[in-house]
Each structure stands twice: as structure tokens, then as C-alpha cells.
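Examining the three-dimensional arrangement
Okay, here's what each chain looks like letter by letter:
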Amino acid sequence: MITILKKNATKQQRDDLIQWLEARGLEVHVSEGEYQTVLGLVGDTSQIDEGLIDSLDFVEQVTRVTEVYKEASRKFHPEDTVVSIGDVRIGGGNFAMIAGPCSVESEKQILEVARSVSLAGAALLRGGAFKPRTSPYDFQGMKAEGLELLRKAKEETGMPIVSEIINVNHLPLFENVDVIQIGARNMQNFELLKAVGRTSKPVLLKRGLGSTLKELLMSAEYIMSEGNKNVILCERGIRTFEKYTRNTLDLSAIPVLREHTHLPIIVDPSHATGKASLVEPMALAAVAAGADGLMIEVHNDPERALCDGAQSLTPAQFAKLSAKVAKVREALA
Ligand code: PEP
Ligand code: MN
């Protein structure tokens, strides 16, 4: 249930109403916007007489929220959420690019890529240290050592770092990681979602290979309901019958999510397409469709990459893409 207060509602009236609602066992989320204040009520609202609240002269409107997700819903929080990572902001009109290799492979590799993507306009550095691979015989990542190399790259370039967690027990290793990524395969690993929800680090939540947008929002709700509101959603393509691309990029996810949630929405055209030649057109399309950011795989030597070389851009290709992204954004402004 949400209660929208009139613009002239006093602090006293608001606090009294919140107290009254809390005394009935409800959790009250206050969202203060420029034009209105919204009280989002979480818990069993079946015993609440909405007519009674509606009759208060400082209440504008009372509505029952039918969505199963609450905290992620735009109805609860009409204004866009802006996630801050150091000086970088994503959401609410702030756009950011995340770039870097699929996996951290060596000090030389991650430093080279970090320097070049930073110069080309990326705000955040990505790099997998724990890799969820389809085959147990494939490169599984450099693990703790990989995280340490990312930390070095951050120290040198000043770029905050993004890395994927695959196991709750690894959380202590992620202390220096600025954004914790939950990969597509773990989108419904509810224990992992709850665990990152108990941290205060921004979480990049990727859509599952066969997950609906509602399921993605329910997974965001798992994180948010534990207290962590810094969630960034990532569309990375879903599995369809099409074989020419690794996945099918669902660009409609951007406007659909925009309607239903206040959380920032970014797009990963690298995993969506699986082919370096397709990354730029889909990245530009995502920006045109309103994405708050992009996540792009970049490798200094894609042909010899230990993971996802076929979809990785070279630093030079990334720099070109970055310039075109800026043009599309200008055209939209
Ligand atoms: C990744 O970002 O490296 C990754 C494994 O992506 P996804 O979870 O989308 O497959
Ligand atoms: Mn990858």
C-alpha cells in the first residue's frame, strides 16, 4: 500500500501517521520527492482501513500496490534511484560505462586494459576473478589473486572496480571491491542475494538466462529487503531459439523496467551477442533506448583471452565505441 501526502502536509502530521502505521506492525518507507512525499507500507496491510487514511486532510491518495515487489517498485519510490560509487553516479540521468576483461589474467593484462579504458571514458573497471564457467575444465579465474590485481589497477587508475561473487563464503574477500556483481547464473541464488543485501556495497544484478523481468525485480527485492538499496539492474540477453547470437538482447527491457522500477538499468551487449562485431551496434541501440550505462568486455589481446575473447573489444575498438556513445547521448539530450 502507498500513501501519497499532500504538498502542504506538516512534519508533525507525517510523523504521527508513520507512528500510527508502525504501531500496526507495518514498515514504512519514506520517499521524499521534489513534489510529493510517498509512504510505502510493507507488511500485512489487509487490516488497514484505507478509507480512514484517505479521509485525513493532508493525504492526497491511498493505493494498494499489487506488484509482488515493493521496494523495487516505482510506485513506492517515484524518483529514479542514483547509485553512487565514489565519484561515479549511475541512474537519474547519470550515465556510466563499465569496461574491462571478462577475467583478470595477469597484472600486465589488467593494468594495460584499465589504463586504456580509463583514457577512453570508462568510469568503472570490470574483471572476473571467480568465474562461473559452463565447463569445470575451463579457466575458473584467478580468485583471490585476481581481486588483488584489480585492487592494484584501481590504485593506479583511480577507477572503482566491479567483480562477480559466486559464493557467499567469499564475501570477506570482496572488501576492496566497489560493486559486487551477481551474474546471470546466480540471479536466483537467494542466499547469495540476501547476503549481499546485508552489505552496503552497490550490487550489479544481471538478468538470468531464462528469467522474466518480474523475476529480475523479485531478485532485486531480495537484496533491498535486507537493507541494501544500491542495486543496478543489468540486461545481458536471454536465451531464445536464435543461434547466430550467444543470447538475444531484450532492448525492451529498458523501457519496461523504467516504467516499473526506479533502479538504474544498464546493458551488457558483450554477453548478449557473443560477437565483438555486434557489440557496438547493440551498445548504441541500448543507449538510444535509455540505458543508464553499459558494461563492455575489453581485452588487450582478445585472440588469446582465457575467457570470452570472441566478444571482447580491443582498447581501440572500445575508444571508438565510447566516442559514438557520447554522440548518441548528445543527440538524445
Ligand atoms: C560476466 O559478466 O563475466 C558474466 C559471466 O556475465 P553473465 O553472468 O551475464 O553471463
Ligand atoms: Mn564474460
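Residues numbered from 1 in each chain as written. Chains lettered and ligands numbered in written order. Predicted model: local features only at pLDDT ≥ 70, side-chain atom pairs only at ≥ 80, totals over all residues. Heavy atoms only, no water.

Observations concerning the coordination of the manganese ion (ligand 2)
Taken together, Cys102 (SG), His271 (NE2), Glu297 (OE) and Asp308 (OD) make up the protein donors of the manganese ion (ligand 2), found 2.0 to 2.4 Å from the metal. Each donor residue of the manganese ion (ligand 2) lies on the same chain, and together they follow the pattern C-x168-H-x25-E-x10-D. Of the two residues, Cys102 is situated in the loop between strand 7 (96-100) and helix 3 (107-119) and Asp308 in the loop between strand 14 (293-297) and helix 10 (315-332); the sequence distance between them amounts to 206 residues. Asp308 carries the same exposure label as Cys102, and that label is buried. (Donors = N, O, S within 2.8 Å, 3.2 Å for Na, K, Ca; no water. Helix = DSSP H or I, 4+ residues; strand = E, 2+ residues; numbered from the N terminus. Buried < 20%, exposed > 50% of the residue type's maximum accessible area, 1.4 Å probe, protein only.)

Topic: the nonpolar core
Formed by 63 residues in total, the largest nonpolar core has its most connected members in Val117, Leu125, Leu205, Leu233, Leu294, Ile296 and Phe318. Counting residues per element, this core draws most heavily on helix 6 (residues 213-224), which supplies six residues. Leaving out residues up to four positions away in the same chain, Leu125 has contacts with Ala99, Gly100, Ile110, Ala114, Val117, Leu150, Ala153, Met159, Pro160, Ile161 and Val162. (Core = buried A, V, L, I, M, F, W, Y, C linked by side-chain atoms within 4.5 Å. Contact = heavy atoms within 4.5 Å.)

Examining the side chain of Ser103
Locating Ser103 in the fold gives a position in the loop between strand 7 and helix 3. Leaving out residues up to four positions away in the same chain, Ser103 has contacts with Gln109, Gly128, Lys131, Phe139 and Cys307.

Points about the sheet that holds strand 2 (residues 27-32)
Pairing within the open sheet is antiparallel, and its four strands lie in the order 2-3-1-4. Looking at which strands have only one partner, the edges of the open sheet turn out to be strand 2 and strand 4 (59-63). In this sheet, adjacent strand axes meet at a mean angle of 20° when their direction is disregarded. As paired elements, strand 1 (residues 2-5) and strand 4 share four bridges and run antiparallel to each other. Pairing of Ile4 across the sheet is with Gln61, part of strand 4. Most of the contacts of helix 1 (residues 11-23) go to strand 2, to which it runs at about 155°, and overall it touches strand 1, strand 2, strand 3 (37-42) and strand 4. (Pairing = 2+ DSSP bridges. Axes fitted to C-alpha atoms, helices over the stretch in contact; angles between N-to-C directions.)

Thoughts on the packing of aromatic side chains
Under the defined criterion, the tally for this structure stands at two aromatic pairs. Ring centres of Phe190 and Tyr222 lie 4.5 Å apart, and the angle between their planes is 25°; on these two criteria the pair is classed as stacked. Within this pair, whereas Phe190 is found in helix 5 (residues 190-197), its partner Tyr222 is found in helix 6, the two being separated by 32 residues in sequence. Judged by its relative accessible area of 31%, Phe190 is partly exposed. (Phe/Tyr/Trp six-rings, centres within 6.5 Å; stacked < 30°, edge-to-face > 60°.)

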